[in-house]
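An overview of the molecular structure
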Amino acid sequence: MSAYAVLLTRPLLAGFAAGVLISLGACSAANPEAPATEAGSPQLSDQPHDRERAELHEQLAAAPAELQRKSQVAGRAVMPSVAYAPMPLSVQADALPPAYLGKSRDENREQYQKLADNPVHAVAETPVSTFSIDVDTGSYANVRRFLNGGQLPPQDAVRLEELVNYFPYAYPLPKGDVPFGVHTELAATPWNPESRLLRIAIKASDLRVDELPPANLVFLVDVSGSMDRRDGLPMVQSTLKLLVEQLRAQDKVSLVVYAGSSSVVLQPTSGSDKAKIRAAIDQLTAGGSTAGESGIQLAYQQAQQGFIDGGINRILLATDGDFNVGISDFEALKQLAADKRKTGVSLTTLGFGTDNYNEQLMEQLADAGDGNYAYIDNLREARKVLVDQLSSTLATVARDVKIQVEFNPAEVSEYRLLGYENRALKREDFSNDKVDAGEIGAGHTVTALYEVVPVGGKGWLEPLRYQQAVKADSPAGELAWLRIRYKTPGQDVSKLLEQPIQAADTRAISQASEDLRFAAAVAAFAQQLKGDTYTGRFSLADSAELARNAKGDDRFGLRGEFVQLVELAQSLQTASNLSTTARVQQ
């Protein structure tokens, strides 16, 4: 197509976008003082302007595809052009008048931990793999926030294990006096016909809320200026009030806030006095700098003041992690949380906000503080974490849980662990009870996936010229030996569980359980978002199809939502590829 024809088509799209934006701006200007939604209202994210804005995004995204289709019908293919790519969401938002958007957004300076994918190991050289379990789910909700906002997430924001562990699975319950059940399953890998996918599944014993020990909770809330936005403090207030409704008379809550300094807003108050707790939450306002370290110190003091022997003693930190006063060094803050966990008080982090969000700090603080990390992108997620899974969030049934897998060189030539990059342990750490590891809450499910290459299969590594062939004197038919160490709450000496994993149990992926097939689809999706290093020609469409056929009961609709997110990522990736192609051709 000629350059002249391209120039003719561009004004059509530009004019369409400009016309819609001007119309919306006029509507906003005509009503600059629209009534604000009450801070605690569940309708926080369901306002007419939000719906109009979403429709605008859809129309802008659809325009290039429709333009190309019409040109092709006319007998000419439209040359991809950067002008046809959907306008990035941030650009669209900045084009809207201030009255439409409300608070202006900060420059995007979100922080994520940069981690290389786990490497491939040759069993002949490294037969043992050791890591700590992880029950955090914040990465999935954060990835969802990016996709729903019209952009692919940064690769460093994607942690495979947190995407996989976000979903509930129907794993076998524990038997006997152990706090969790252990199950393994082996199937052909969907994206690699030469390898097998090994799933290690852990299911903790569950507790009803009325069975939980008395709880001493400290709400630690960031009320600094960076939280003065709709997805900041107002979302925090709505989230905490959902938890307040679950409190019992034997529970007590304190409220600590921090901005330029920290203060106690609510002394320990019985869960039966819900009106008083809600009123304290409702009166919070945001403004000022962020002295996060002093707030954490004060919260631990409050937790010690109300400490319950044999009960749940936990701080719930709600923030965007943007600390800029006092101790703000990453390692120093982690060490503070690690030191304080020795007092018997754990730290759970709840992430909020965008643009300046420090996800690395939130995830690592929770790990160091013997807690868990979740990102709250909407009230549905808040309900999942603090209502539907309250027992898992608050009550720990096993501490310092470590997994070690020893692969049999007679059956397996190569392997790689999917995810858990920042949970890797040395082999000697497994039996060292001084080495910290992850906790499992009541009812939690934990999934670990290995991709393994059977002996004789084509792996990733080139054979060594000078290494002698391994002569393995190992039990026939055993793929690997699984070891798990854990501590029961209040104990300092770990217990050991061991069991074999049989090689003969391999199934075709179509014959595998729904849980394994769905977990495989999520793992494939996470790898695709991070760059497709190992998934070959297995596409996002393949991931969506695999997940769609493994939705099962899907009581809460989470698996159905996942399929929609994969399809959304596919559309965004296609638009990104078209834009890249256009820039190359220009």
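What counts and how
- Residues numbered from 1 in each chain as written.
- Predicted model: local features only at pLDDT ≥ 70, side-chain atom pairs only at ≥ 80, totals over all residues.
- Heavy atoms only, no water.
- 1 Å grid on protein atoms, 1.4 Å probe; cavity = no way out; pocket = protein on both sides within 12 Å on 5 of 7 lines; lining within 4 Å.
- Points joined across faces, edges and corners; volume = space filled by probe spheres on them.
- Helix = DSSP H or I, 4+ residues; strand = E, 2+ residues; numbered from the N terminus.
- Nonpolar A, V, L, I, M, F, W, Y, C, P; charged D, E, K, R; others polar.
- Expected span 1.5 Å × (residues − 1).
- Buried < 20%, exposed > 50% of the residue type's maximum accessible area, 1.4 Å probe, protein only.
- Phe/Tyr/Trp six-rings, centres within 6.5 Å; stacked < 30°, edge-to-face > 60°.
- Lys NZ or Arg CZ within 6 Å of the ring centre and 35° of its normal.
- Core = buried A, V, L, I, M, F, W, Y, C linked by side-chain atoms within 4.5 Å.
- Contact = heavy atoms within 4.5 Å.
- Pairing = 2+ DSSP bridges.
- Axes fitted to C-alpha atoms, helices over the stretch in contact; angles between N-to-C directions.
- Parallel < 35°, antiparallel > 145°, perpendicular 65-115°, else oblique.
- Left-handed = near helix turned anticlockwise from the far one by under 90°.
- Salt bridge = Lys/Arg side-chain N within 4 Å of Asp/Glu carboxyl O.
- Polar contact = N/O pair within 3.5 Å; in protein donor to acceptor, adjacent residues only side chain to side chain.

Examining empty space enclosed by the protein
What the rule picks out here adds up to 4 cavities of 30 Å³ or more. Approximately 120 Å³ is the volume attributed to the largest cavity. Together, 14 residues line the largest cavity, and Asp117, Leu160, Arg416, Glu421 and Gln527 are the ones closest to its centre. Broken down by element, the lining of the largest cavity gets its largest block of residues, 3 residues, from strand 12 (residues 412-418). Its residues placed into classes, the lining of the largest cavity shows 4 nonpolar, 5 polar and 5 charged. If you trace the second largest cavity, you find it lined by Gln113, Leu115, Gln155, Asp156, Val158, Arg159, Leu160, Glu421, Asn422 and Lys530. Class assignment for the residues of the lining of the second largest cavity results in 3 nonpolar, 3 polar and 4 charged.

A closer look at helix 9 (residues 292-305)
Spanning 14 residues, helix 9 covers 20 Å between terminal C-alpha atoms, matching the ideal 20 Å at 1.5 Å per step. Of the positions making up helix 9, those classed as buried are Gly292, Glu293, Gly295, Ile296, Leu298, Ala299, Tyr300, Gln302 and Ala303.

Section: the packing of aromatic side chains
By the definition in use, this model includes 17 aromatic pairs. Summarising the aromatic geometry, the rings of Phe407 and Tyr415 are spaced 4.4 Å apart at their centres and angled 25 degrees between planes, so their arrangement reads as stacked. Ring geometry for Phe525 versus Phe562: centroids 5.4 Å apart, planes at 85 degrees, classification edge-to-face. One end of the pair, Phe525, is in helix 14 (residues 514-529); the other, Phe562, is in helix 16 (residues 558-585), with 37 residues separating them in the sequence. Each member of the pair Phe525 and Phe562 is classed as buried. Members of the aromatic cluster, joined through ring pairs, are Tyr140, Tyr166, Phe167, Phe518, Phe525 and Phe562. Directly above the aromatic system of Phe146 lies the positively charged group of Arg145, at a separation of 4.4 Å from the ring centroid. Above the face of the Tyr534 ring, Arg416 is positioned so that its terminal group lies 3.9 Å from the ring centre.

What to know about the nonpolar core
Counting residues in hydrophobic clusters, the biggest one holds 70 residues, and the most contacted among them are Leu217, Phe219, Val221, Ile403, Phe407, Ile440 and Tyr450. Those residues in contact with Tyr450, other than ones at most four positions away along the chain, are Ser129, Phe131, Arg196, Leu197, Leu198, Ile200, Val405, Phe407, Tyr415, Arg416, Leu417 and Leu418. Judged by nonpolar contacts, the second largest core, of 42 residues, contains Val164, Leu418, Phe518 and Val522.

Description of the pairing of strand 12
Most of strand 12 is tucked away, with 6 of its 7 residues classed as buried. Two elements, strand 1 (residues 121-122) and strand 12, share 2 bridges in a ladder whose sense is antiparallel. Note that in strand 12 the partner of His121 across the bridge is Tyr415. In terms of strand pairing, strand 12 meets strand 14 (residues 445-454) through 6 bridges, oriented antiparallel. Bridge assignment links Arg416 to a residue of strand 14, and that residue is Glu451.

Digging into the sheet that holds strand 3 (residues 180-189)
Read across the open sheet, the 5 strands follow the order 1-12-14-4-3; overall the sheet is antiparallel. Every interior strand has two partners, whereas the edge strands, strand 1 and strand 3, have only one. Here helix 14 sits on the sheet in contact with strand 3, strand 4 (192-204), strand 12 and strand 14, set at roughly 110 degrees to strand 4.

Some remarks on the packing of helix 14 against helix 15 (residues 540-548)
It is the contact of helix 14 with helix 15, at a shortest axis distance of 8 Å, that shows an interaxial angle of 160 degrees. It follows from the interaxial angle that helix 14 and helix 15 lie roughly antiparallel. Remark: the crossing between helix 14 and helix 15 carries left-handed chirality. The residues of helix 15 that touch helix 14, namely those facing Arg517, Phe518, Ala520, Ala521, Ala524, Phe525 and Gln528, are Leu540, Ser543, Leu546 and Ala547. Classifying every residue of the contact of helix 14 with helix 15 gives 8 nonpolar, 2 polar and 1 charged.

What about the pattern of salt bridges?
Under the defined criterion, the tally for this structure stands at 29 salt bridges. Between Arg507 and Glu185 there is a salt bridge, with the nearest N and O atoms lying 3.6 Å from each other. Of this pair, Arg507 sits in the loop between strand 16 (495-502) and helix 14 while Glu185 sits in strand 3, and the two are 322 residues apart along the sequence. The exposure class assigned to Arg507 is partly exposed, which follows from its relative accessible area of 42%. A salt bridge links Glu567 to Arg548, with the shortest nitrogen-to-oxygen separation between them at 2.5 Å.

Points about unusual backbone geometry
With a phi close to 60 degrees, Tyr420 is a non-glycine residue in the positive phi region. Examined against the element boundaries, Tyr420 turns out to sit in the loop between strand 12 and strand 13 (438-441). Despite not being glycine, Asp554 has its phi angle at roughly 50 degrees, a positive value. Looking at the element boundaries, Asp554 is found in the loop between helix 15 and helix 16. Relative accessible area serves as the criterion here: at 22%, Asp554 is assigned to the partly exposed category.

A closer look at the sheet that holds strand 10 (residues 373-375)
The mixed open sheet is built from 6 strands, whose spatial order is 7-6-5-8-9-10. Where the open sheet ends on each side, the last strands, each with one partner, are strand 7 (262-270) and strand 10. Adjacent strand axes in the sheet meet at a mean angle of 15 degrees when their direction is disregarded. On top of the sheet, helix 11 (residues 359-368) reaches strand 8 (312-319), strand 9 (346-351) and strand 10; it is set at about 155 degrees to strand 9, its chief contact.

Re helix 12 (residues 379-388)
The periodicity of an α-helix, 3.6 residues per turn, causes residues three or four places apart in sequence to face the same way. Of all 10 residues in helix 12, 7 are buried; the element is thus mostly enclosed. For helix 12, the full list of buried residues reads Leu379, Glu381, Ala382, Lys384, Val385, Leu386 and Val387.

What about the side chain of Asp515?
Relative to the elements of secondary structure, Asp515 occurs in helix 14. Residue Asp515 is classed as buried on the basis of its relative accessible area of 10%. A polar side-chain atom of Asp515 sits 2.9 Å from the main-chain amide nitrogen of Ala170. Polar side-chain contacts of Asp515 include one of 2.8 Å to the side chain of Arg559. With residues near it in sequence (within four places) discarded, Asp515 still touches Tyr169, Ala170, Tyr171, Arg199 and Arg559.

Comments concerning the side chain of Asp355
Inspection of the secondary structure assignment puts Asp355 in the loop between strand 9 and helix 11. Since its relative accessible area comes to 8%, Asp355 is described here as buried. Polar contacts involving the side chain of Asp355 include one to the side chain of Thr354, which spans 3.5 Å.

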